[in-house]
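Chain residues, written in single-letter form:
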Amino acid sequence: MEALEPGTKLGVLQGERMTSWSPDTPCSCDCFVSVPPASAIPAVIFAKNSDRPRDEVQEVVFVPAGTHAPGSKLQCTYIEVEQVSKTHAVILSRPSWLWGAEMGANEHGVCIGNEAVWTKEPVGEGEALLGMDLLRLALERSSSAQEALHVITGLLERYGQGGSCREDPTSFCYHNTFLLADRTEAWVLETAGRLWAAQRIQEGARNISNQLSIGTDISAEHPELRTHSQAQGWWGGQGTFDFARVFSLTQQPVRMEAAKARFQAGRALLQQQQGGITAEVMMDILRNKESGICMDSGGFRTTASMVSILPQDPTQPCVHFLTATPDPSRSVFKPFIFGEGVAQAPQVLSPTFGTQDPVRTVPRFQSQVDRRHTLYRGHQEALGLMESEQDQGQQLWQKQRDLEQEGLEAVRRLLAGEWAPPPQELGGLFQAFVKRESQVYA
């Protein structure tokens, strides 16, 4: 993640609360989507880099579908919410200290990624739902991207968003933008407190990068969005309503201005591949260091990545490639498919600490624990060799690429109808590739 210049503060306008920034403040992620005809195949392609504090561990968690008793409560990262009667199976890539997720998918082919954003609306310091909690809740409760949007906005209205978004005693809070996709379309949802605007993407390619990007092309919005803007003096009430212009901070911090360049670079990379976007193209974009999309500096880095293929043909399975390790340029995208035989891969599950977890004790985050999972530990050693031992490091990198290509080829054959494995084998695909990657590092 990118850091702000030392001493920089984000001034919230109209006399609102000042939100302090430190040199370690994380402020970058990148989400991408391609909807036919931008895709090379009849499928929606989704991708995200999760950029977080350098030492934060992301685990990949499979949660099966479930039924729940009427009136039951659900503990999220900080607060409880009312549980619904039925939840869908999900695969999540999440910072291992929290309940929600940075990105993930459900059994119905819905994918979501979120990003931090700061607007003229003040960021509350009270504990509520994290954007990452909203993401997981939407995946568990929706069967389409549009339904997921309604889930998030409904929860926003009822519970709000807030609470520290990193494992540190110094509180760090932000609002969220989301990219939601399914087999047929995508939605961009951008929030400012409980207010929001959404844009429907039915064709072409789109990306988001830590800034408001919805202008006048608003497909849906909070009913009080415009009246609130008028009341605050941000919009005169006449003429075109441009959400990004109305709600964006007038004076952006230096690093937030830099995020514009990253957004533009991502958009250009997508445009260069219009009509030919594949999962491999998205992986290459996520590995692009020159643009800053693949982050590895200033105490922050891309800590996990995800690419999904969502075929328009409902008889074909959706495929989700996840790394579970940092730096996609030196990681393996491994295929996950929902179905029979799916189980948690233990090598990508972090240890738990129960009631003694620093996130559970109050005041929070007064101590640190080792959350590294087995694959993360092996990958750390491999990264060390790649950086210090040229020959051995090159051999490891080549083994990573060979393993990833094997997964991509298996998926190509599956979607082309050239390979029809038993459901049990398909459900165990991710687990098998995780095991083989672990063996590479052993």
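Calculation notes
Residues numbered from 1 in each chain as written. Predicted model: local features only at pLDDT ≥ 70, side-chain atom pairs only at ≥ 80, totals over all residues. Heavy atoms only, no water. pLDDT = per-residue confidence, 0-100. Contact = heavy atoms within 4.5 Å. 1 Å grid on protein atoms, 1.4 Å probe; cavity = no way out; pocket = protein on both sides within 12 Å on 5 of 7 lines; lining within 4 Å. Points joined across faces, edges and corners; volume = space filled by probe spheres on them. Buried < 20%, exposed > 50% of the residue type's maximum accessible area, 1.4 Å probe, protein only. Helix = DSSP H or I, 4+ residues; strand = E, 2+ residues; numbered from the N terminus. Pairing = 2+ DSSP bridges.

Enquirer: Please clarify how the confidence of the model for the protein should be interpreted in this entry.
Expert: Note that predicted coordinates carrying low pLDDT should not be read in detail. Of the residues in the protein, 93% have a pLDDT of 70 or more, and the chain-wide mean is 92. The model gives residues 1–26 a pLDDT under 50, and that stretch makes 83 contacts with residues more than four places away or in other chains.

Enquirer: Looking at this model, I keep getting lost on empty space enclosed by the protein. Mind explaining?
Expert: A water-sized probe rolled over the atoms picks out the places where empty space is left. For the coordinates displayed, the defined rule picks out two cavities of 30 Å³ or more. By volume, the second largest cavity is sized at about 30 Å³. Lining the second largest cavity, in full, are Val 60, Phe 62, Ile 91, Phe 336, Ala 343, Gln 344, Ala 345, Val 348 and Phe 430.

Enquirer: Can you help me understand the pairing of strand β14 (residues 186–192) in this one?
Expert: Regular strands have side chains that alternate between both faces of the sheet. The element β14 is extensively covered by neighbouring structure, given that seven of its seven residues are classed as buried. Residues of β14 alternate between two faces, with Ala 186, Val 188, Glu 190 and Ala 192 on one and Trp 187, Leu 189 and Thr 191 on the opposite face, all of them buried. Relative to β14, strand β13 (residues 175–181) runs antiparallel, the two sharing five bridges. Among the inter-strand pairings, Ala 181 is bridged to a residue of β14, identified as Ala 186. Connecting β13 to the next strand, β14, in antiparallel fashion are four residues. Bridge analysis of β14 against strand β15 (residues 195–201) gives seven bridges, and the strand direction is antiparallel. Directly across from Thr 191, in β15, lies its bridge partner Trp 196. Connecting β14 to the next strand, β15, in antiparallel fashion are two residues, including Gly 193 with a positive phi near 65 degrees.

Enquirer: How should the environment of Glu 125 be read in this particular structure?
Expert: Its location among the elements puts Glu 125 in the loop between β12 (111–117) and α1 (131–141). Sequence separation between Glu 125 and Glu 389 is 264 residues, and the spatial gap between their C-alpha atoms is 46 Å.

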